[in-house]
Amino acid sequence: MPSPGNELQIGIIITTVILLLLVAFILFLVVVFRDRQKKARAHLEKELINAQMEIQEQTLKTISQEIHDNIGQVLSLAKLNLNTFSIHPDEKVQLKLNDTKELVGKAITDLRNISRGMHGDKITDIGLQQAIENELRILENSGQYNTELEVVGEEYKLDPKKEIVVFRMVQEALQNSIKHAKAKSIHVKLENSENKYIVSITDNGIGFNKESLQSSQTGIGLKNMQNRAAVINGVFFINTEPGHGTAIQIALNK
Amino acid sequence: MSLREIYLPIIILITVLFFIKAKQKFGFDFFLIFLIYLISNFLVELSASFSVHYIGNNMLLYNISILTEGLAFCYTFYYVNNSFLIKKIIVISATSFLLFWVIDFCFMQKNNSLDTYSYLFSAINLATFSLITIYKFVFKNAFNNPFHNLFFWTSIGILFCYLGNIPYLASINTLAVNNWKTYRMAISLNIISQVVNTILYLMIIIGTICHRPETNYKLE
């Protein structure tokens, strides 16, 4: 028969073992739950970005249709009216009339280009390469920027949804080059390698300090690009330094 | 009477006090039933301690407590689960357990011994339900923190309590026979039983403290 001392010893051992088991079990549950929570949050974030992009696409589509159907039509009618004027005897008035016709014509062309760049369906119709070419042409036509599009390898057709996402990222990068980087020259490269499709946008702008973006509001655009890349399972790289321009790369697995 | 003999009623009493203090956190029907369960358990354990000290046998009380505890926990799992299938399984299990307990109590085992068959039936049921509930809390419910939920902690307590009690309570009638050879084993198993019983009430206390009323505690 065990003595009271032995009984206490057994009690301590058993209690310790059971408590250790309990703690291990709870810790296991904590680890599993945290892991699942992390995964669920990442999934939700992706869903939210997806929804956000869909809303944005829908808004752009509506604006694009409005430009095409309303403003475009009004300007076309205005141009038509201008064309009905007979030749004016006063040379100065005639010159102003011709200039106005030309300006209205340019406005129609610019609006058509903007409308095309906004409409997601049109982007997938013409393809990513053509859509980027159009964007660069608009910049080039403004006479303030030098642009270049380089295509390496055969043209590659991305999934339509991915195509729109990549195109929006390129648009964002071009806007950043113009607005923030004050670039004069922009180079876009589409590279189709064996297992990757890479889109690079390089400018000769003022560049910036990457660390300063972590806490500032100006980093939102780049964060959005990063999120969009994640949604299409792509990788987003940025390489920049103050005074040395900016290079952005979007790499997609084929 | 030593403190050791009445330590479990004291722990249950502390649990009752914690639970009453946090009554605003729970729905009225659940609060009432769980409180009745805790108070009845307190009375059972207290009377059992007195009867074993003064009469020598407290098995009748424990046999009744097997039923009340089993049904109270079945209700807890029924309350927390929203899945129709699980609710149905719980109702069927609880009904079968009730019928089995009546048969066991009246016809199968002696009145002065513990109804070990009924206990085993209840233990297997409740351990399974608690495992299902823990699984659902952790794996199917990523946005509601289970650690802020009384039912999650109670499920852990029930799992440990019933699994830990199985070896002791299932063999108590054999161990109770005066046999020095099994004495050491009986002591060890009794300690396990005491520890896991304490863990159950400890988990209820932790759950009561951590429970947040805004947490959606229903499981799909």
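Nothing here was measured: the structure is a model prediction, and the numbers come from that model.

Enquirer: Which parts of the structure should I look at to understand the overall build of chain B?
Expert: A tally of helices and strands in chain B yields eight helices and zero strands. Reading chain B from its N end, one meets helices and strands in the order α-α-α-α-α-α-α-α. Out of the 220 residues in chain B, the part that is buried amounts to 38%. Residue pairs in contact within chain B that sit at least 24 positions apart in sequence constitute 76% of those at least 6 positions apart.

Enquirer: Before we go on, may I ask you to explain the sheet that holds strand 3 (residues 196-203) of chain A in this structure?
Expert: Two pairing modes exist for strands in a sheet, parallel and antiparallel, and in both the strands are linked by backbone hydrogen bonds. Residue and element names in this part refer to chain A. The five strands lie next to each other as 1-2-3-5-4, forming an open sheet whose pairing is mixed. Each of the sheet's edge strands pairs with one partner strand only, and the pair in question is strand 1 (146-152) and strand 4 (234-240). Each neighbouring strand pair of the sheet contributes to a mean axis angle of 10 degrees, computed without reference to strand direction. Judged from the eight bridges that link them, strand 3 and strand 5 (residues 246-253) form a sheet pairing that is antiparallel. Among the inter-strand pairings, Tyr197 is bridged to a residue of strand 5, identified as Leu252.

Enquirer: I'm lost on the interface of chain A and chain B in this one. Help?
Expert: In many analyses, interface size is given as the accessible surface area lost on bringing the parts together. At the interface, 16 residues of chain A touch 19 residues of chain B. Here the side of chain A that touches chain B is built from residues that sort into eleven nonpolar, three polar and two charged.

Enquirer: Looking at this model, I keep getting lost on the environment of Tyr62(B). Mind explaining?
Expert: Residues and elements named next belong to chain B. Mapped onto the elements, Tyr62 comes out in helix 3 (residues 59-80). Assessed through the 19 C-beta atoms surrounding it within 10 Å, Tyr62 is described here as partly exposed. On a C-alpha basis, the gap between Tyr62 and Val44 in space is 7.3 Å, while along the polypeptide they are 18 residues apart. When near neighbours in sequence (up to four residues on either side) are disregarded, Tyr62 contacts Ala48 and Leu114.

Enquirer: What is the right way to look at the packing of helix 2 (residues 28-54) of chain B against helix 3 of chain B in this model?
Expert: The geometry of a pair of packed helices is captured by two quantities: the angle between their axes and the separation between those axes. Residue and element names in this part refer to chain B. Helix 3 packs onto helix 2 with a crossing angle of 160 degrees between their chain directions and a minimal axis gap of 10 Å. Considering the angle they form, helix 2 stands roughly antiparallel to helix 3. Here helix 2 and helix 3 pass one another in a crossing that is left-handed. Along its contact with helix 2, which presents Phe30, Ile33, Phe34, Tyr37, Ser40, Asn41, Val44, Ser47, Ala48 and Ser51, the element helix 3 presents Leu61, Tyr62, Ser65, Thr68, Glu69, Ala72, Tyr75, Thr76 and Tyr79. Looking at side-chain class alone, the contact of helix 2 with helix 3 contains eleven nonpolar, seven polar and one charged residues.

Enquirer: Would you take a moment to explain unusual backbone geometry for this structure?
Expert: Leave glycine aside and you will find that most residues have negative phi; peptide bonds, for their part, are mostly trans. Residue and element names in this part refer to chain A. The phi angle at Lys182 is positive, at roughly 50 degrees, despite the residue not being glycine. Mapped onto the elements of the fold, Lys182 is located in the loop between helix 5 (160-179) and strand 2 (185-192). We classify Lys182 as exposed; it has 11 C-beta atoms within 10 Å. One non-glycine residue, Asn233, lies in positive phi territory at about 55 degrees. Looking at the secondary structure, you find Asn233 in the loop between helix 7 (220-231) and strand 4. Look at Asn233 and you get exposed, because 10 C-beta atoms sit within 10 Å.

Enquirer: For this particular structure, what's the right way to read the pairing of strand 2 of chain A?
Expert: It is a general feature of regular strands that their side chains alternate between the two faces of the sheet. Residue and element names in this part refer to chain A. As paired elements, strand 1 and strand 2 share seven bridges and run parallel to each other. Within the sheet, the bridge partner assigned to Asn146 lies in strand 2 and is Ser185. A crossover connection joins strand 1 to the parallel strand 2 through helix 5; in handedness this β-α-β unit is left-handed. In the sheet, strand 2 pairs with strand 3 via seven bridges, with the strands oriented antiparallel. The residue bridging Ile186 from the neighbouring strand is Asp203, located in strand 3.

Enquirer: So what exactly am I meant to see when it comes to the confidence of the model for chain B here?
Expert: Residue and element names in this part refer to chain B. Of the residues in chain B, 93% have a pLDDT of 70 or more, and the chain-wide mean is 85. Mean pLDDT across the secondary structure elements of chain B bottoms out at helix 7 (residues 172-175), with 72, and peaks at helix 4 (residues 84-108), with 92. With pTM at 0.68, the complex prediction returns an ipTM value of 0.80.

Enquirer: Mind showing me how you'd approach the nonpolar core here?
Expert: When a protein is soluble and globular, its nonpolar side chains tend to lie buried together. In terms of nonpolar packing, the biggest core is built from 50 residues, with Phe160(B), Ile199(B) and Leu200(B) touching the most fellow members. Those elements that provide at least two residues to this core are helix 1 (4-84) of chain A together with helix 1 (7-21), helix 2, helix 3, helix 4, helix 5 (116-139), helix 6 (150-170) and helix 8 (180-210) of chain B. Residue contacts for Ile199(B): discarding those within four places in its chain leaves Leu22(A), Gly157(B), Phe160(B) and Cys161(B). Of all hydrophobic cores here, the second largest spans 29 residues; its members include Leu128(A), Leu136(A), Val165(A) and Met225(A).

Enquirer: Explanation requested: the packing of helix 2 (residues 91-118) of chain A against helix 4 (residues 128-141) of chain A in the structure shown.
Expert: All names here are of chain A. For the pair helix 2 and helix 4, the least separation of the axes is 10 Å and the interaxial angle reads 145 degrees. Crossing of helix 2 against helix 4: the hand is left-handed. Within the contact between the two elements, helix 2 uses Asn113, Arg116 and Gly117 and helix 4 uses Asn134, Glu135 and Ile138. Split by residue class, the contact of helix 2 with helix 4 holds one nonpolar, three polar and two charged.

Enquirer: Just to check I follow, could you spell out helix 4 of chain B for this structure?
Expert: Side chains of residues three or four places apart in an α-helix project in the same direction, reflecting 3.6 residues per turn. Residues and elements named next belong to chain B. Spanning 25 residues, helix 4 covers 34 Å between terminal C-alpha atoms, matching the ideal 36 Å at 1.5 Å per step. The set of residues buried in helix 4 consists of Ile90, Ser93, Ala94, Phe97 and Trp101. For helix 4, the elements touching its buried residues are helix 3 and helix 5.

Enquirer: Explain the pairing of strand 5 of chain A here, please?
Expert: Residue and element names in this part refer to chain A. Here strand 5 shows a buried face lined by Thr246, Ile248, Ile250 and Leu252 and an unburied face lined by Ala247, Gln249, Ala251 and Asn253. With seven bridges connecting them, strand 4 and strand 5 associate as antiparallel partners. Within the sheet, the bridge partner assigned to Phe236 lies in strand 5 and is Ile250. Joining the antiparallel neighbours strand 4 and strand 5 is a turn of five residues, in which Gly243 adopts a positive phi near 85 degrees.

Conventions and cut-offs
- Residue positions are given per chain, counting from 1 as you read along its sequence in written order.
- Here chains are named by letter from A upward and ligands by number from 1 upward, in the order in which they appear as written.
- At least 70 in pLDDT is required for a residue's local features to be given in this predicted model, at least 80 for side-chain atom pairs to be given and counted, and no such filter applies to totals for whole chains, interfaces and linings, which use all residues.
- Secondary structure elements follow DSSP: runs of H or I of four or more residues count as helices, runs of E of two or more count as strands, with numbering from the N terminus.
- Exposure classes come from backbone-placed C-beta atoms, where a residue is buried if 20 or more other C-beta atoms lie within 10 Å of its own, exposed if 12 or fewer do, and partly exposed in between.
- We call two residues in contact if the C-beta atoms placed from their backbones are at most 7 Å apart.
- For two strands to count as paired, DSSP must find a minimum of two bridges between them.
- Helix axes are fitted only over the stretch in contact, all axes being lines through C-alpha atoms; the angle between N-to-C directions runs from 0 to 180 degrees.
- Think of it as three bins: nonpolar holds Ala, Val, Leu, Ile, Met, Phe, Trp, Tyr, Cys and Pro, charged holds Asp, Glu, Lys and Arg, and polar takes everything else, Gly as well.
- An angle below 35 degrees is treated as roughly parallel, one above 145 as roughly antiparallel, one from 65 to 115 as roughly perpendicular, and anything else as oblique.
- We call a crossing left-handed when the near helix sits turned anticlockwise from the far one by less than a right angle, and right-handed when that turn is clockwise.
- Looking down the strands as they point away from you, a crossover is right-handed if its path from the first strand over the helix to the second goes clockwise.
- Confidence scores here are pLDDT values: one per residue, from the predictor, ranging 0 to 100.
- Think of a nonpolar core as buried Ala, Val, Leu, Ile, Met, Phe, Trp, Tyr and Cys residues, each tied to the set through C-beta atoms within 7 Å.
- The span you would expect from a helix comes to 1.5 Å times its residue count less one.

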